[in-house]
Amino acid sequence: MPIPATDLALESAEIFHGAKKNFFKLPGLSRTEFLREGYLVTVITISSREAADAIGKPMGQYVTMDLHPYFRRQSHFFRRAAHCLSFQLQTLLPDSCRSFLVIGLGNRAMTADAVGPLTLEHLLVTRHLLSPDGPLSGLRATAALAPGVLSDTGMESTDLLRGAIQQVRPDALLVIDALAAHSPHRLCTCLQLSDTGLIPGSGVGNHRQPINRETLGLPVIAIGLPTVISGAALSEELQDDLFVTPRDIDQRVRELSRLLGYGINLALQPSLSLEDITGLLG
């Protein structure tokens, strides 16, 4: 059964499950759920080529964090969400990683595609401040890059990243991007983390060069926020090249970009508290 276009592995697995009653018997495909800090976390693990082909996603681990409690403004919703995101991100990062390059993909001029660049505004960049005996020597080296889009730069993001990696030589790459969903109730209400990297634009049919370990030679952790859904997923009368986004997309993307920034900071700088990060960011 063809899996409809979605960047979310959880949705792909659910669609496959709906058509195949033997979902849990498919070798190499598993699903686990648990609560962390009051947020539902779902982990889809794809460990076989058969499972990867069945749901159309590369082998690896996909972590989906449900943000509905965040928008219900439950007690300490931001703090709890940031710590949940931080913990799940740490589980995907190799233990040996001590330096990072964080990439904010997307078009800053288009709100639904701006989550990557906007997240970098809340990122604690430390690489240029660290010295062996300096006051910040306990922090991990973090650099950031917003490579823009092909129509503005004339260069593929992957090519720009290769140059940056050669200069910075990070232990791991974190890539933030907007995603496409298949279900309306997941628009701007969940985050997906994965250790498989990503293909920019794949959810909207604009496939670019992959950003993953195979193409760049180092671990790549992808972090995505679904901001659009295809018209065809909403109605058979709508076209595949029509994409819909929530009417409050400006507020949601700006708010969740801040959450992403703080969650990433907590994961990359475990010696700092949320208050420390707020003070350092000014």
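Residues numbered from 1 in each chain as written. Predicted model: local features only at pLDDT ≥ 70, side-chain atom pairs only at ≥ 80, totals over all residues. Heavy atoms only, no water.

## Describing the overall build of the chain
Scanning the chain from terminus to terminus reveals 11 helices and nine strands. Per-residue burial for the chain yields a buried fraction of 50% across its 282 residues. Counted over contacts in the chain with a minimum sequence separation of 6, partners at least 24 positions apart contribute 68%. (Helix = DSSP H or I, 4+ residues; strand = E, 2+ residues; numbered from the N terminus. Buried < 20%, exposed > 50% of the residue type's maximum accessible area, 1.4 Å probe, protein only. Contact = heavy atoms within 4.5 Å.)

## Side note on the nonpolar core
Among the nonpolar cores identified, the biggest contains 51 residues, and Leu 89 and Leu 174 are the most heavily contacted of them. At 10 residues, the largest contribution of residues to this core is made by helix H10 (residues 249-268). Ignoring any residue separated from it by four or fewer positions in sequence, one finds Leu 89 in contact with Leu 174, Leu 193, Ile 221, Ile 223, Ile 264 and Ala 267. One finds Leu 101, Leu 198, Ile 211 and Ala 222 within the second-largest nonpolar core, a separate group that totals 15 residues. (Core = buried A, V, L, I, M, F, W, Y, C linked by side-chain atoms within 4.5 Å.)

## Thoughts on the pairing of strand E7 (residues 190-194)
With five of its five residues buried, E7 lies for the most part within the structure. Covered by surrounding structure in E7 are Cys 190, Gln 192 and Ser 194 together with Leu 191 and Leu 193, the residues of both alternating faces. Taken together, the five bridges between strand E3 (residues 60-66) and E7 define a ladder with antiparallel strand orientation. Following the sheet pairing, Asp 66 is matched in E7 by Cys 190. In this structure, E7 lies alongside strand E8 (residues 220-230), joined through three bridges in antiparallel fashion. If you follow Gln 192 over to E8, its bridge partner there is Gly 224. (Pairing = 2+ DSSP bridges.)

## Here's the deal with the packing of aromatic side chains
A full pass over the atoms with the stated rule returns three aromatic pairs. Ring centres of Tyr 70 and Phe 71 lie 5.2 Å apart, and the angle between their planes is 70°; on these two criteria the pair is classed as edge-to-face. Overall, Tyr 70 belongs to the buried group, its relative accessible area being 1%. Judged by centre distance (5.5 Å) and plane angle (75°), the ring pair of Phe 78 and Tyr 262 falls under edge-to-face. (Phe/Tyr/Trp six-rings, centres within 6.5 Å; stacked < 30°, edge-to-face > 60°.)

## Side note on the packing of helix H4 (residues 77-92) against H10
For the pair H4 and H10, the least separation of the axes is 8 Å and the interaxial angle reads 50°. In terms of orientation, H4 lies oblique with respect to H10. Taken as a pair, H4 and H10 cross one another with a handedness that is right-handed. Residues Phe 77, Phe 78, Ala 81, Ala 82, His 83, Leu 85, Ser 86, Leu 89 and Gln 90 of H4 form the contact with H10, whose participating residues are Glu 255, Arg 258, Leu 259, Leu 260, Tyr 262, Gly 263, Ile 264, Leu 266 and Ala 267. In terms of residue class, the contact of H4 with H10 is built from 12 nonpolar, four polar and two charged. (Axes fitted to C-alpha atoms, helices over the stretch in contact; angles between N-to-C directions. Parallel < 35°, antiparallel > 145°, perpendicular 65-115°, else oblique. Left-handed = near helix turned anticlockwise from the far one by under 90°. Nonpolar A, V, L, I, M, F, W, Y, C, P; charged D, E, K, R; others polar.)

## Observations concerning the pattern of salt bridges
The final tally for this structure, using the stated rule, is nine salt bridges. Across the pair Arg 162 and Asp 159 runs a salt bridge, and its minimum N-O distance is 3.0 Å. Remark: Asp 159 and Arg 162 occur in helix H7 (residues 157-168); sequence separation between them is three residues, near one turn of the helix. In this structure, Asp 248 and Arg 252 form a salt bridge, with 3.0 Å as the shortest nitrogen-oxygen distance. (Salt bridge = Lys/Arg side-chain N within 4 Å of Asp/Glu carboxyl O.)

## Observations concerning the packing of H10 against helix H11 (residues 274-281)
Packing of H10 against H11 brings their axes to within 10 Å, and their N-to-C directions diverge by 115°. Taken together, the axes of H10 and H11 are roughly perpendicular relative to one another. In the packing of H10 onto H11, the handedness of the crossing is right-handed. Across the interface between the two elements, Tyr 262, Asn 265 and Leu 266 from H10 touch Leu 274, Ile 277, Thr 278 and Leu 281 from H11. Class assignment for the residues of the contact of H10 with H11 results in five nonpolar, two polar and no charged.

## What to know about the pairing of E8
The buried count for E8 comes to 11 of 11 residues, which makes it a mostly enclosed element. Pairing between E8 and strand E9 (residues 243-244): two bridges, direction antiparallel. When the sheet's bridge partners are listed, Ile 229 is paired in E9 with Val 244.

## Re the state of the cysteines
Under the counting rule described, the total for this entry stands at zero disulfides. Looking at the unpaired Cys 188, the closest cysteine sulfur is the one in Cys 190, lying at 9.1 Å. Here Cys 188 falls in the buried class, since its relative accessible area comes to 0%. (Disulfide = S-S within 2.5 Å.)

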